[in-house]
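# Commentary on secondary and tertiary structure
Residue-level listing of the chains:
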Amino acid sequence: MGVVAAWSRRTGLALGVAGMVVPLAVALGTPAQAASSCTTSTGPYQKQAEKFLGRPVDGRQSRADCLAIQKFQVNHGISPTIGYAGPVTWGVMDLINKQKAAGHNPNKARKCPTNKGRIACVDLTRQLSWIQDGSRLKFGPVPVRTGRDRYETRGGLKKIYWRDIDHWSTIYDVAMPYSQFFDGGQAFHSIAGSVWSPPGSHGCVNMRKADAKKYWSMLRNGDDVFVYGRKPGT
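Below is a short write-up of the structure. Nothing here was measured: the structure is a model prediction, and the numbers come from that model.

Further remarks concern the sheet that holds strand β10 (residues 205-207). In spatial order, the strands read β7-β8-β9-β10; together these four strands make up an open sheet with mixed pairing. If you trace the sheet from one side to the other, it starts and ends with β7 (162-169) and β10, each paired once. In this sheet, neighbouring strand axes are inclined to one another by 30° on average, regardless of whether the strands run parallel or antiparallel. Here helix α4 (residues 209-218) sits on the sheet in contact with β7, β8 (174-183), β9 (186-190) and β10, set at roughly 45° to β8.

Attention now moves to unusual backbone geometry. Here the bond from S79 into P80 is cis, since omega is 0°, no more than 30 degrees from zero. With respect to the element layout, P80 can be found in the loop between α2 (63-75) and α3 (87-101). Here the bond from P198 into P199 is cis, since omega is 5°, no more than 30 degrees from zero. Its place among the elements puts P199 in the loop between β9 and β10.

Quick look at the pattern of salt bridges now. Under the definition given, this model contains nine salt bridges. In this structure, K98 engages D94 in a salt bridge whose closest nitrogen and oxygen atoms are separated by 3.3 Å. In this pair, K98 and D94 both sit in helix α3, four residues apart, roughly one turn of the helix. Given a relative accessible area of 43%, K98 falls into the partly exposed group. The exposure class of D94 is partly exposed, given its relative accessible area of 25%.

All right, on to the environment of M218 then. When you line up the elements, M218 lands in helix α4. Take M218: its relative accessible area is 18%, and that puts it in the buried class. Sequence separation between M218 and R118 is 100 residues; the distance between their C-alpha atoms is 9.1 Å. Residue contacts for M218: discarding those within four places in its chain leaves R118, I131, K138, F139 and D223.

Where strands meet in a sheet, backbone hydrogen bonds hold them as pairs that are either parallel or antiparallel. Ordered in space as β5-β4-β3-β11-β6, the five strands form an open sheet in which the pairing is mixed. Of all the strands in the sheet, just β5 (136-143) and β6 (156-159) have a single pairing partner and so form its edges. On average, adjacent strands in this sheet sit at an angle of 20° to one another, irrespective of strand direction. Across four bridges, the pairing between β6 and strand β11 (residues 224-228) is antiparallel.

The topology assignment puts T153 in the loop between β5 and β6. In this structure T153 comes out as buried when scored by relative accessible area, which is 4%. Engagement of the side chain of T153 in a polar contact is seen with the backbone oxygen of G203, the distance being 2.8 Å. If we ignore the near neighbours within four places in the chain, the residues touching T153 are L124, T146, G147, Q186, G203, C204, V205 and V227.

The subject of this paragraph is the state of the cysteines. Taken as a whole and judged by the stated rule, the model has two disulfides. Linked covalently through their sulfurs, C38 and C66 form a disulfide whose S-S length is 2.2 Å. One quick way to see it: the torsion about the S-S bond of C38 and C66 is about -115°, and its sign makes the bridge left-handed. One end of the pair, C38, is in the loop between β2 (14-17) and α1 (46-52); the other, C66, is in helix α2, and 28 residues separate them in sequence. The disulfide partner of C112 is C121, and the gap between their sulfur atoms is 2.0 Å. Around the S-S axis, the bridge from C112 to C121 shows a dihedral of about -85° and counts as left-handed. Taken in N- to C-terminal order, the disulfide-linked cysteines of the chain are connected 1-2, 3-4.

About the thresholds
Each chain has its residues counted from 1, running along the sequence as written. Owing to the predicted nature of the model, reporting of local features is limited to residues with pLDDT of at least 70; listing and counting of side-chain atom pairs is limited to 80 or more, with chain, interface and lining totals taken over all residues. Side-chain figures throughout are based on the complete set of non-hydrogen atoms in the structure, without hydrogens or water. Strand pairing is assigned whenever DSSP identifies at least 2 bridges connecting the two strands. A helix here means a DSSP run of H or I that spans at least four residues, while a strand means a run of E at least two residues long, and both kinds are numbered starting from the N terminus. For helices, the fitted axis covers only the stretch in contact; all axes are lines through C-alpha atoms, and the angles between them, taken along N-to-C directions, range from 0 to 180 degrees. In this analysis, two residues are considered to be in contact whenever any of their non-hydrogen atoms come within 4.5 Å of each other. The salt bridge definition used is simple: a Lys or Arg side-chain nitrogen within 4 Å of an Asp or Glu carboxyl oxygen. Residue burial is assigned from relative accessible area. The probe radius is 1.4 Å, only protein chains are included, and a residue is buried under 20% of its type maximum, exposed over 50%, and partly exposed in between. Counting of polar contacts relies on pairs of N or O atoms within 3.5 Å, with two restrictions inside protein: one atom must be capable of donating a hydrogen and the other of accepting it, and residues adjacent in sequence are counted only when both atoms are side-chain atoms. Any two cysteine sulfur atoms within 2.5 Å of one another count as a disulfide.

Printed below as a string of structure tokens:
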């Protein structure tokens, strides 16, 4: 889900948007579809999936393994939901592991500027975002969903220039609450669904509602945004 070149229903200003999100402590999103029947096939990432899900690690698909993998797929918007431990499923699990590893020091490598005062950082590689003031973490990190291949969220230093709490895309006929635009049609905004749902947005930084709402309360027009790294698969 996402928007490129959306119009504000109130101002008629042509702007794009795209997005989806959820917090690190939450490994569940909104199920996108009902579960399909379970497969008996052993996937190439069977052992990794078993370890991630706390299952006995034997590398062989069992009924219980399949149901656990299937539940993860349903909750994270991964299709097909047949309980197969394939590359897409493991890719999402691996990303979640990396996000958790960021802990309370997401800017340990100091890739996001610490000389700008209040700034919203977006790490495309780990699909994380946070707000810091100098070197002090003020909020986050929270997982985000950025632009998919050919619709990449553009890197570099930007500034929030327009905010619309009730933004609406007439192109996709979808609400994008708490939109904060920082680069042409690219913005932070909330979505309904899983932040880990592949393949990504059409360029915006998608967030769960609670995180987007917090960003709305903490950021203002003129605040800096720094985007760096590269989203897996782009």
